[in-house]
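Reading the structure
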Amino acid sequence: MNLEWFYIAIVLACSDMLHGIIWHTFSDFYIILGEIIHNNVKSPFITWIIHEILEAIFHFIILSLVFQSLTIGILAGTIHFLIDVFHNYFEIEMNSIQHRSLHFVIESIFFMIILSL
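Here we summarise the structure given alongside this text. Being a predicted model, the structure only gives us computed values, none of them experimental.

**Section: the overall build of the protein chain**
- Helices and strands together make up the secondary structure of the protein chain, namely 5 helices and 0 strands.
- In summary, the protein chain has a C-alpha radius of gyration of 15 Å against a globular reference of 13 Å for 117 residues, a match within 12%.
- Projecting the C-alpha coordinates of the protein chain onto the three principal axes gives extents of approximately 50 × 30 × 25 Å.
- Expressed as a percentage of its 117 residues, the buried residues of the protein chain come to 31%.
- Considering only contacts within the protein chain whose residues lie at least 6 apart along the sequence, 68% involve residues at least 24 apart.
- For the protein chain, the accessible area works out to roughly 7500 Å², and carbon and sulfur atoms hold 73% of it.

What follows is the structure, given as structure tokens:
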């Protein structure tokens, strides 16, 4: 098995860092967008899920462009979405290092399995 799984996990981590930078840079816009979405769906839970879906689409775009593969983009966005939903839904408290480590380990194992098939 080559190290492609490792590169995917690294790029996904960088993509998540880029998402954080964009989030903090344009936070006023995202707050307004969140209010618009919340006013339309009338549910904090659905608003949060929409946020996570938009984040997964962001990761899909970045990884699809970097690896020139829609499959890798879809898989990366999906696994990142599932990890975020799981640990946020169950309110697992983590600092930023623990959060990043959780993502990196699970995403690495996921892509090791997928790429070994």
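**Thoughts on the packing of helix 1 (residues 4-25) against helix 5 (residues 96-116)**
- The interhelical angle for the contact between helix 1 and helix 5, taken along N-to-C directions, is 145 degrees, at an axis separation of 9 Å. Relative to helix 5, helix 1 is oriented so that their crossing is right-handed. Contacts from Glu-4, Trp-5, Phe-6, Ile-8, Ala-9, Ile-10, Leu-12, Ala-13 and Asp-16 of helix 1 reach helix 5 at His-99, Arg-100, Phe-104, Glu-107, Ser-108, Phe-111, Met-112 and Leu-115.
- A class-by-class count of the residues in the contact of helix 1 with helix 5 yields 11 nonpolar, 2 polar and 4 charged.

**A closer look at the nonpolar core**
- Counting residues in hydrophobic clusters, the biggest one holds 10 residues: Trp-5, Ile-8, Val-11, Leu-12, Leu-63, Ile-72, Ala-76, Ile-79, Ile-83 and Phe-111.
- Broken down by secondary-structure element, the contributors of at least two residues to this core are helix 1 and helix 4 (70-89).
- Residue contacts for Leu-12: discarding those within four places in its chain leaves His-59, Leu-63, Ala-76, Ile-79, His-80 and Glu-107.

**What about unusual backbone geometry?**
- Here Lys-42, not a glycine, exhibits a phi torsion of approximately 60 degrees, which is positive.
- Positionally, Lys-42 belongs in the loop between helix 2 (27-41) and helix 3 (44-67).
- Despite not being glycine, Glu-91 has its phi angle at roughly 50 degrees, a positive value.
- In this structure, Glu-91 sits in the loop between helix 4 and helix 5.

What counts and what doesn't
Residues numbered from 1 in each chain as written. Predicted model: local features only at pLDDT ≥ 70, side-chain atom pairs only at ≥ 80, totals over all residues. Heavy atoms only, no water. Helix = DSSP H or I, 4+ residues; strand = E, 2+ residues; numbered from the N terminus. Rg over C-alpha atoms; globule rule 2.2 N^0.38 Å. Buried < 20%, exposed > 50% of the residue type's maximum accessible area, 1.4 Å probe, protein only. Contact = heavy atoms within 4.5 Å. Areas by Shrake-Rupley, 256 points an atom, 1.4 Å probe, with all protein chains shown as cover. Axes fitted to C-alpha atoms, helices over the stretch in contact; angles between N-to-C directions. Left-handed = near helix turned anticlockwise from the far one by under 90°. Nonpolar A, V, L, I, M, F, W, Y, C, P; charged D, E, K, R; others polar. Core = buried A, V, L, I, M, F, W, Y, C linked by side-chain atoms within 4.5 Å.

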